[in-house]
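Single-letter residue listing:
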Amino acid sequence: MKAFTYERAASAQDAAAKASSLQGARFIAGGTNLLDLMKLEIETPTHLIDVNGLGFDKIEKTQDGGLRIGAFVRNTALAADMRVRKGYGVLSRALLAGASGQLRNKATTSGNLLQRTRCPYFYDTNQPCNKRRPGSGCAAIGGYSRQLAIVGASEACVATHPSDMAVAMRVLDAQVETVNAAGQTRAIPIAEFHRLPGDTPHIDTVLAPGELITAVTLPKPIGGVHLYEKVRDRASYAFALVSVAAVIQKDGSGRVAIGGVAHKPWRVEAAEAAMPQGAKAVAAQLLAGATPTEDNAFKVPLVERTLAAAMHEARAA
Amino acid sequence: MRFDTPAGTNPIDRLKVVGKPLDRIDGPLKTTGTAPYAYEHHPEPANAAYGYVVGSAVAKGRIRSMDLSQAKAAPGVIAIVTAENAGKLGKGSFNTVKLLGGPEVDHYHQAIAVVVAETFEQARAAANLVRVDYARAKGRFDLDEELKTAPLTGGSSDEGSSAPGVDRVGKFEAAFASAPVKFDATYTTPDQSHAMMEPHASIAAWDGGSLSVWTSNQMIDWGRGDLAKTLNIRKDKIRFMSPYVGGGFGGKLFLRSDALMAALAARAAHRPVKVALQRPLIANNTTHRPATRQRIRIGATADGTITAIAHESGSGDQPEGGPETAVNQTKLLYAGANRMTSMRLAVLDLPEGNAMRAPGEAPGMMALEIAMDEMAEKLGMDPIAFRVRNDTQVDPEKPERRFSERNLIGCLEQGRQRFGWSKRNPRPAQVRDGRWLVGMGMAAAFRNHINMPSGARVRLGRDGIVTVETDMTDIGTGSYTIIAQTAAEMMGLPIERVVVKLGDSSFPVSAGSGGQFGAPNSTGGVYAACVKLREAVAQRLGYDPANAVFEDGRVRAGNRSAALAEAAKDGELSAEDRIEFGDLGKKYQQSTFGAHFAEVGVDSYTGVVRVRRMLAVCAAGRILNPKSARSQVIGAMTMGVGGALMEELAVDKRFGFFVNHDLAGYEVPVHADIPHQEVIFLDETDATASPMKAKGIGELGLCGVGAAVANAVYNATGVRVRDYPLTLEKHLDRLPPIA
């Protein structure tokens with residue numbers, strides 16, 4: 001770990017201002033990912049701005065009947081909130097499918113969105129990795145790729161986004177609210193929040209330097225059966241091989257987003273028109289143009305089968 | 001004490017303390033976090049500095065140059081040791097590859113430097129500033145490729161399993177060719193990591209030419225000897241201590257780089273130095289269980305009598321390494337007149353392969369016991385009945401040798417009843433529970449018993465407390481407790497009156513912990529020392545040692561009686577002895593037996609496998625403490641589930657390293673993976689094994705579990721998977737249609 005300086009932010013705008021003006025500055029909230037990465041010198045911030053004291057830790061109703069989730073609401077609290085459990089069950093289930101109890105107690109809503117990939121080559125600083133060191137190359141391509149992306153990848157990067165929560169947020173059409181150094185706020189649709197790797201895989205999201213997440217908002221509940229099917233070798237405390245977040249209505253229509261397959265939570269709205277026809281039709285569109293490797297080719301049928309499982313559960317519910 | 005005739009009745013048979021399910025006496029220390037493991041040894045040597053090991057970034061090649069200037073200038077740095085300034089080093093007898101690399105690099109993450117600083121954080125930060133220029137060389141990283149030209153090789157694991165390059169009895173080929181029912185299949189097992197909770201860790205402190213090392217090691221005397229050999233100093237200049245070990249599984253049988261680098265660092269820094277291997281180094285810096293490729297052929301008559309059996313295994317290791325002795329159990333487990341086993345060894349430039357819990361039998365049984373299941377199905381026989389049909393009470397290769405005790409059939413029958421085997425549908429893919437395909441499977445369990453000499457010293461203090469001192473280790477197994485039980489039984493005391501001190505090279509050399517030989521042999525050594533102490537006590541009290549009875553804290557002879565403490569009132573009594581073994585182990589085949597049962601569910605949609613319940617039935621001689629023995633077996637069953645369903649070191653064949661080198665990437669079971677586990681011990685004593693009449697249990701609990709799970713998966717799905725681990729992609733496209 002490199003030596004760093006540390007301060008507690010006084011206000012959101014102040015935090016954003018400092019983070020955008022000081023080179024090498026990073027926010028820290030729960031720290032469940034950042035601190036690990038700092039110990040391995042995958043992340044080497046020179047200055048940490050602790051945003052835990054800023055508030056943003058409430059879950060409130062919005063005027064249009066949705067929810068505003070403060071950026072620093074802990075994963076445990078979010079998963080347990082009765083309004084979330086009743087109106088957004090997929091979110092609660094996705095959260096509880098992730099990490100461990102201890103980590104969820106510490107991890108925040110915004111931090112969860114900002115998790116870095118779990119690609120093993122990203123984690124080994126001896127290996128080239130365009131995400132860790134831009135321009136160094138990608139050791140994962142042609143290497144051990146069982147966990148890695150099958151859609152939306154590039155010649156520079158085949159990493160996946162590890163979050164479960166973000167997949168649920170994607171299916172719920174969440175918006176990410178931010179503030180910048182000038183005090184300007186904006187709401188970023190979750191669909192646009194995470195980027196595909198392209199030739200700049202070191203940039204995970206569309207956040208500008210210093211821009212601070214203050215909340216995630218959810219639109220009014222849409223009803224339906226809420227499901228999160230997470231497939232993994234180990235029953236707990238493991239990242240998804242494939243996950244399916246789905247909200248399915250009585251008539252078989254619905255929405256679906258997929259985790260474990262791409263650099264971002266994967267959703268193709270156009271594919272959802274085929275929901276009443278079954279998993280095969282939806283999966284074919286969801287994964288059109290997929291470029292799996294020998295190691296992860298199984299994810300293509302697995303997406304279809306996991307979606308079929310979700311549809312089965314929805315019918316049984 | 002020389003043990004060369006089967007034990008008769010002795011004081012242990014009273015079973016007042018031995019054989020009782022007593023709590024572990026180190027339990028409160030462990031559960032309150034006060035057991036001093038190596039890295040937090042208390043009191044810590046004054047002024048300790050911290051060392052951080054730098055692992056090679058390439059698997060094979062040569063270090064052209066190292067630039068230490070930035071690291072040396074970093075805050076808090078005291079010293080940096082590399083092969084250039086470490087002085088001339090030897091190599092330990094148990095190490096295949098030298099522990100400090102450079103300029104030649106033998107494998108990925110081989111230690112090439114240790115950076116010493118005032119704090120751990122400073123050492124770690126400075127270690128990242130060491131700049132190394134490598135000339136990469138081409139390495140051999142693909143086992144399948146290298147096995148094509150690999151020679152036959154005999155060998156033995158350091159834990160005792162052994163097999164020659166080729167072994168033949170009768171005429172296998174002819175018998176197999178003419179067998180009415182034939183089976184031939186190939187199985188693979190992957191490289192596995194010990195993945196113990198406590199990483200390899202050591203504190204080293206020099207005092208002039210003498211070295212003290214607090215470390216985490218299963219075998220005090222091996223580690224001490226190899227450290228002396230590596231440092232080119234006399235063994236008696238080293239004190240090697242390992243009173244608590246947070247898991248080893250064979251990964252800590254040997255001197256590893258933590259201890260060597262701590263010693264070198266402490267010498268360079270002129271201060272005590274603490275070194276713990278960082279988690280990402282465990283997989284590639286230390287040893288692992290080598291991957292295997294195993295072909296098994298079985299020929300039988302229509303009634304299920306095996307007439308021909310062959311097991312051929314291939315594995316790889318560093319030059320001068322040895323094979324994984326995966327054919328070992330096939331030489332002994334089932335009858336059959338015509339037999340062949342062989343092993344091939346490829347040279348690989350992956351990290352050093354070596355013993356991991358039940359080397360040989362663990363991966364060997366993973367293959368053999370699927371093959372038995374497949375052959376039973378081919379014969380149209382129940383898999384239990386097929387095994388019973390081919391039971392043998394003699395070594396099938398040397399029929400003049402009987403098994404000392406062998407109750408495989410008893411284990412199978414008990415298991416059949418207790419597990420509800422009659423409810424298993426022999427036709428696969430017939431049972432559903434909602435989304436889940438449900439199946440049952442079983443496998444035999446087998447692991448050899450190994451005789452190892454073991455010593456102990458026993459002291460009777462003026463206060464009547466008996467203190468046992470032996471360099472035996474407790475790697476989480478319960479050694480403290482069973483040794484206390486042994487001494488208490490022998491001296492006629494309650495366990496509270498016995499103090500056990502372990503893991504210190506200033507104590508008599510013991511069997512150590514490995515190969516499930518620790519419990520029977522180390523308690524045998526304590527037994528021997530106690531026999532001598534009883535003699536000394538009797539003599540001091542003026543009793544005839546042959547007639548003295550030790551019980552309830554007193555010594556009786558005829559109508560005379562005295563408190564045990566009375567014997568030490570004028571000064572402590574001390575006795576030391578070791579147990580040594582004659583040829584009972586040659587005369588008899590000494591092994592442990594069992595049966596594993598598993599019920600699994602397979603998600604009909606996703607192919608995910610989850611174990612629903614498990615049972616182990618074990619026949620392994622006298623069970624010294626049913627509680628700690630059960631803990632050993634359920635732990636082993638858990639490891640077996642890991643091996644069956646998830647554990648695999650992923651090899652990058654381009655760059656030559658295990659890619660998933662942390663506990664996020666190398667998955668071992670968590671609580672949610674492990675359902676109800678039941679363990680049954682059959683009542684058995686083995687008088688040929690030791691005066692304790694006990695054998696080991698810690699590895700038996702693992703051998704066969706993987707196959708039991710795999711056979712249950714097949715019973716659930718009708719899809720046979722022969723490649724471990726059974727991850728979902730290996731059967732997903734062949735699962736029955738979704739209901």
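Residues numbered from 1 in each chain as written. Chains lettered and ligands numbered in written order. Predicted model: local features only at pLDDT ≥ 70, side-chain atom pairs only at ≥ 80, totals over all residues. Heavy atoms only, no water.

1. Concerning the overall build of chain A
This is how the line gets drawn: Secondary structure elements follow DSSP: runs of H or I of four or more residues count as helices, runs of E of two or more count as strands, with numbering from the N terminus. To get the radius of gyration, use the C-alpha atoms; to get the globule rule, take the number of residues to the power 0.38 and multiply by 2.2 Å. Any residue under 20% of the maximum accessible area for its type is buried, any over 50% is exposed, and the rest in between are partly exposed; the area is computed with a 1.4 Å probe on protein chains only. The contact criterion used throughout is that any non-hydrogen atoms of two residues lie within 4.5 Å. Per-residue and other accessible areas follow the Shrake-Rupley method at a 1.4 Å probe size, with only the shown protein chains counted as cover for residues.
Along the backbone of chain A there are 12 helices and 11 strands. Computed over its C-alpha atoms, the radius of gyration of chain A comes to 19 Å, within 12% of the 20 Å expected for a compact globule of 317 residues. Dimensions along the principal axes, computed over C-alpha positions, put chain A at roughly 55 × 50 × 30 Å. Out of the 317 residues in chain A, the part that is buried amounts to 57%. In chain A, 62% of the contacts between residues at least 6 apart in sequence involve partners at least 24 apart. Carbon and sulfur atoms provide 52% of the accessible area of chain A, an area that totals close to 12,600 Å².

2. Examining the pattern of salt bridges
Residue and element names in this part refer to chain A. The test is simple: Any carboxyl oxygen of Asp or Glu that lies within 4 Å of a side-chain nitrogen of Lys or Arg is treated as forming a salt bridge with it.
Counted under the stated rule, the structure contains 71 salt bridges over all chains. Among the ionic pairs, Lys 18 bridges to Glu 7, the shortest N-O distance being 3.1 Å. Residue Lys 18 is located in helix α1 (residues 12-21), and its partner Glu 7 is located in strand β1 (residues 5-8); the two are separated by 11 residues in the primary sequence. Its relative accessible area of 18% is what places Glu 7 among the buried residues.

3. With respect to the UniProt feature "domain: FAD-binding PCMH-type" (unreviewed entry) in chain A
Rule in force here: UniProt positions are given in the numbering used here, feature names are shortened, and annotations may be inferred rather than shown by experiment.
With numbering aligned to this structure, UniProt lists the feature "domain: FAD-binding PCMH-type" (unreviewed entry) at residues 1-223 of chain A. This span, residues 1-223 of chain A, is 28% helix and 16% strand, and a straight line between its end C-alpha atoms measures 47 Å.

4. Things to note about the packing of aromatic side chains
The criterion, for reference: Aromatic contacts are taken between Phe, Tyr and Trp rings whose centres are within 6.5 Å, Trp giving its six-membered ring; a plane angle under 30 degrees counts as stacked, one over 60 as edge-to-face, and the others as tilted.
Taken as a whole, this structure holds 17 aromatic pairs over all chains when the rule is applied. Relative to Phe 657 of chain B, the ring of Tyr 121 of chain A has its centre 6.4 Å away and its plane inclined at 90 degrees; by these criteria the two rings are edge-to-face. Highlighted residues: Tyr 121 of chain A in helix α8 (residues 120-123) and Phe 657 of chain B in strand β33 (residues 657-658), drawn from two different chains. Tyr 121 of chain A gets classed as buried once you look at its relative accessible area, which sits at 1%. Take Phe 657 of chain B: its relative accessible area is 0%, and that puts it in the buried class.

5. Regarding the packing of helix α9 (residues 361-379) of chain B against helix α16 (residues 705-717) of chain B
Residue and element names in this part refer to chain B. Definition in use: To obtain each axis, a line is fitted to C-alpha atoms, and for helices this fit is confined to the stretch in contact; angles are then taken between N-to-C directions over 0 to 180 degrees. Should the near helix be turned anticlockwise from the far one by less than a right angle, the crossing is termed left-handed; should it be turned clockwise, right-handed. Residue classes follow a fixed rule: Ala, Val, Leu, Ile, Met, Phe, Trp, Tyr, Cys and Pro count as nonpolar, while Asp, Glu, Lys and Arg count as charged, and any other residue, Gly among them, counts as polar.
Orientation of α9 relative to α16, taken along the N-to-C sense of each, is 35 degrees, at an axis distance of 8 Å. α9 and α16 meet at a crossing whose hand is right-handed. Every residue of α16 that contacts α9 at Met 365, Met 366, Glu 369, Ile 370, Asp 373 and Glu 377 is listed here: Gly 706, Ala 707, Ala 710, Asn 711 and Tyr 714. Residue composition of the contact of α9 with α16, grouped by class: 6 nonpolar, 2 polar and 3 charged.

6. Digging into the interface of chain A and chain B
Interface size is commonly expressed as the accessible surface area that is lost when the partners come together. Under the convention used in this document: Buried area, as used here, totals the accessible surface that two parts lose on assembly, with accessibility defined by a 1.4 Å probe and the loss added over both. Definition of a polar contact: a pair of N or O atoms within 3.5 Å, with one able to donate and the other able to accept a hydrogen when the atoms are protein atoms, and with sequence-neighbouring residues admitted only if both atoms are side-chain atoms.
If you look at the interface, chain A gives 36 residues, while chain B gives 38 residues. Carbon and sulfur atoms make up 53% of the surface buried where chain A meets chain B, a total of about 3,100 Å² over both sides. On the surface where chain A and chain B come into contact, there are 3 salt bridges. Residue Arg 146 of chain A pairs with Glu 729 of chain B through a salt bridge whose shortest N-O separation is 2.6 Å. The interface formed by chain A and chain B holds 21 residue pairs in polar contact (both at pLDDT 80 or more) in total. Elements with a contribution of two residues or more to the side of chain A that touches chain B: α8, β9 (225-231) and α12 (299-316) of chain A. Here the side of chain A that touches chain B is composed, by residue class, of 18 nonpolar, 7 polar and 11 charged.

7. Observations concerning α9 of chain B
Residues and elements named next belong to chain B. To keep things clear, this is the line we draw: By this rule, a helix spans an expected 1.5 Å times one less than how many residues it contains.
An ideal rise of 1.5 Å per residue puts 27 Å on 19 residues; α9 measures up with 25 Å between its terminal C-alpha atoms. Counting buried positions over the 19 residues of α9 gives 17, a clear majority of the element. Of the residues trailing α9, Gly 380 is marked for its positive phi of about 70 degrees.

8. Some remarks on unusual backbone geometry
Most of the time, phi is negative for any residue but glycine, and the peptide bond is trans. Residue and element names in this part refer to chain B. The amide bond that connects Gly 102 to the next residue, Pro 103, takes the cis arrangement and shows omega of -5 degrees. Summarising the element assignment, Pro 103 is placed in the loop between β4 (77-82) and β5 (104-105). The omega torsion across Tyr 724 and Pro 725 is -10 degrees, close enough to zero to call that bond cis. Its place among the elements puts Pro 725 in the segment after α16. Unusually for a residue other than glycine, Ala 195 sits at a positive phi of about 45 degrees.

9. Observations regarding the sheet that holds strand β10 (residues 166-169) of chain B
Residue and element names in this part refer to chain B. The cut-off we apply is this: Strands pair, by our definition, only if DSSP identifies at least two bridges between them.
Here 5 strands make up an open sheet; going across it, the order is β10-β18-β17-β16-β11 and the pairing mixed. Lying at the two open borders of the sheet, with one neighbouring strand each, are β10 and β11 (181-189). Recorded for the sheet is a direction-independent mean angle of 10 degrees between the axes of neighbouring strands. The pairing of β10 with strand β18 (residues 338-347) spans 4 bridges and is antiparallel. Note that in β18 the partner of Val 166 across the bridge is Ser 342. Along the sheet, α9 contacts β11, β16 (292-300) and β17 (306-317); its crossing angle with β11, the most-contacted strand, is approximately 150 degrees.

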